[in-house]
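The chain contents come next:
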Amino acid sequence: MILLQTIDEKIVFPIIVSDAEAEMLFNILKQESIKRSQTTYLLFDILERFEIEIQEIYIHKLKQGVFYTTIYCIKDEQIYEFEAIPSDALNLAIAKGKPIFIEKSILDIV
């Protein structure tokens, strides 16, 4: 489980991730290599090779207990949006030090 909170720390909400996703985040935070290839490292490589920069992560919808997340990226002043599972998006944001935003209506629910 990943716990996110608002900047003012008034609201904390959980996002449940699988064991593999949690291990990946743990490795990213500790800046350790992993035993096998992971999707997040593939995404890092693709973004780097094509010189695409992550701008921010936006958790925009909660439907039937599932969070929907968009990764906003930029290349040559063009903005690109990629839908992603929250754990992949959060791993990328945390590893690259990018902001994570959440739709206010979701905070009102949780």
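Residues numbered from 1 in each chain as written. Predicted model: local features only at pLDDT ≥ 70, side-chain atom pairs only at ≥ 80, totals over all residues. Heavy atoms only, no water.

Asks: How should the layout of surface pockets be read in this particular structure?
Replies: Over the atoms, a rolled probe matching the size of one water molecule traces out where space is still vacant. Approximately 200 Å³ is the volume found for the largest pocket. Q5, T6, I100, F101 and I102 are the residues nearest the centre of the largest pocket, which is lined by 10 residues in total. Elements supplying a minimum of two residues to the lining of the largest pocket: β1 (2-5) and β6 (100-102). Per element, the largest residue contribution to the lining of the largest pocket is 3 residues, and it comes from β6. (1 Å grid on protein atoms, 1.4 Å probe; cavity = no way out; pocket = protein on both sides within 12 Å on 5 of 7 lines; lining within 4 Å. Points joined across faces, edges and corners; volume = space filled by probe spheres on them. Helix = DSSP H or I, 4+ residues; strand = E, 2+ residues; numbered from the N terminus.)

Asks: Mind showing me how you'd approach the sheet that holds strand β3 (residues 53-63) here?
Replies: Within a beta sheet, neighbouring strands are joined by backbone hydrogen bonds and run either parallel or antiparallel to one another. Taken in spatial order, the 4 strands of this open sheet run β5-β4-β3-β6, and their pairing is mixed. Bordering the open sheet on either side are β5 (78-84) and β6, each of which pairs with just one other strand. When the angles between neighbouring strand axes are averaged without regard to direction, this sheet yields 25 degrees. Examined bridge by bridge, strand β4 (residues 66-75) and β5 share 7 bridges and lie antiparallel to one another. (Pairing = 2+ DSSP bridges. Axes fitted to C-alpha atoms, helices over the stretch in contact; angles between N-to-C directions.)

Asks: How should I be thinking about the pairing of β4 in this particular structure?
Replies: Across a regular strand the side chains alternate sides, sitting on one face of the sheet and then on the other. Sheet topology note: the β3/β4 ladder contains 9 bridges and is antiparallel. Paired with K61 across the bridge in β4 is Y68. Between β3 and β4, which follow one another and run antiparallel, lie 2 residues, and Q64 among them has a positive phi close to 50 degrees.

Asks: Whenever I open this one, the packing of helix α1 (residues 19-30) against helix α3 (residues 86-96) confuses me. Can you help?
Replies: In a pair of packed helices, the angle between the axes and the distance between the axes together describe the arrangement. Running from N to C, α1 and α3 cross one another at 5 degrees; their axes reach a closest spacing of 10 Å. In terms of orientation, α1 and α3 fall into the roughly parallel class. Listed contacts from α3 to E21, M24, L25, I28 and L29 of α1 are S87, N91, I94 and A95. Class assignment for the residues of the contact of α1 with α3 results in 6 nonpolar, 2 polar and 1 charged. (Parallel < 35°, antiparallel > 145°, perpendicular 65-115°, else oblique. Contact = heavy atoms within 4.5 Å. Nonpolar A, V, L, I, M, F, W, Y, C, P; charged D, E, K, R; others polar.)

Asks: What am I meant to see in the packing of aromatic side chains here?
Replies: The relation between two aromatic rings is expressed through the spacing of the ring centres and the mutual angle of the planes. Applying the stated criterion across every chain yields a total of 0 aromatic pairs. The aromatic ring of Y68 is capped on one face by K61, whose charged end is 4.6 Å from the ring centroid. Over the face of the ring belonging to F44 we find K96, whose NZ or CZ atom lies 5.1 Å from the ring centre. (Phe/Tyr/Trp six-rings, centres within 6.5 Å; stacked < 30°, edge-to-face > 60°. Lys NZ or Arg CZ within 6 Å of the ring centre and 35° of its normal.)

Asks: Honestly, the pairing of β1 in this entry has me stumped. Any pointers?
Replies: What you see with β1 is a clean split: I2 and L4 sit on the buried side and L3 and Q5 on the side with no burial. Pairing of β1 with strand β2 (residues 12-15) involves 4 bridges; the strand directions are antiparallel. Following the sheet pairing, L4 is matched in β2 by F13. (Buried < 20%, exposed > 50% of the residue type's maximum accessible area, 1.4 Å probe, protein only.)

Asks: Is there a simple way to explain the environment of S87 in this structure?
Replies: Mapped onto the secondary structure, S87 falls in helix α3. For the pair S87 and I16, spaced 71 residues apart in sequence, the C-alpha separation works out to 8.5 Å.

Asks: Please clarify how a nonpolar patch on the surface should be interpreted in this entry.
Replies: A surface patch of nonpolar side chains, amounting to about 470 Å² of accessible area, comprises M1, L3, V12 and I16. Following the sequence through the fold, L3 ends up in strand β1. Assessed through its relative accessible area of 56%, L3 is described here as exposed. (Patch = residues over 30% accessible without salt bridge, like charges linked within 9 Å, V, L, I, M, F, W, Y side chains within 5 Å. Areas by Shrake-Rupley, 256 points an atom, 1.4 Å probe, with all protein chains shown as cover. Salt bridge = Lys/Arg side-chain N within 4 Å of Asp/Glu carboxyl O.)

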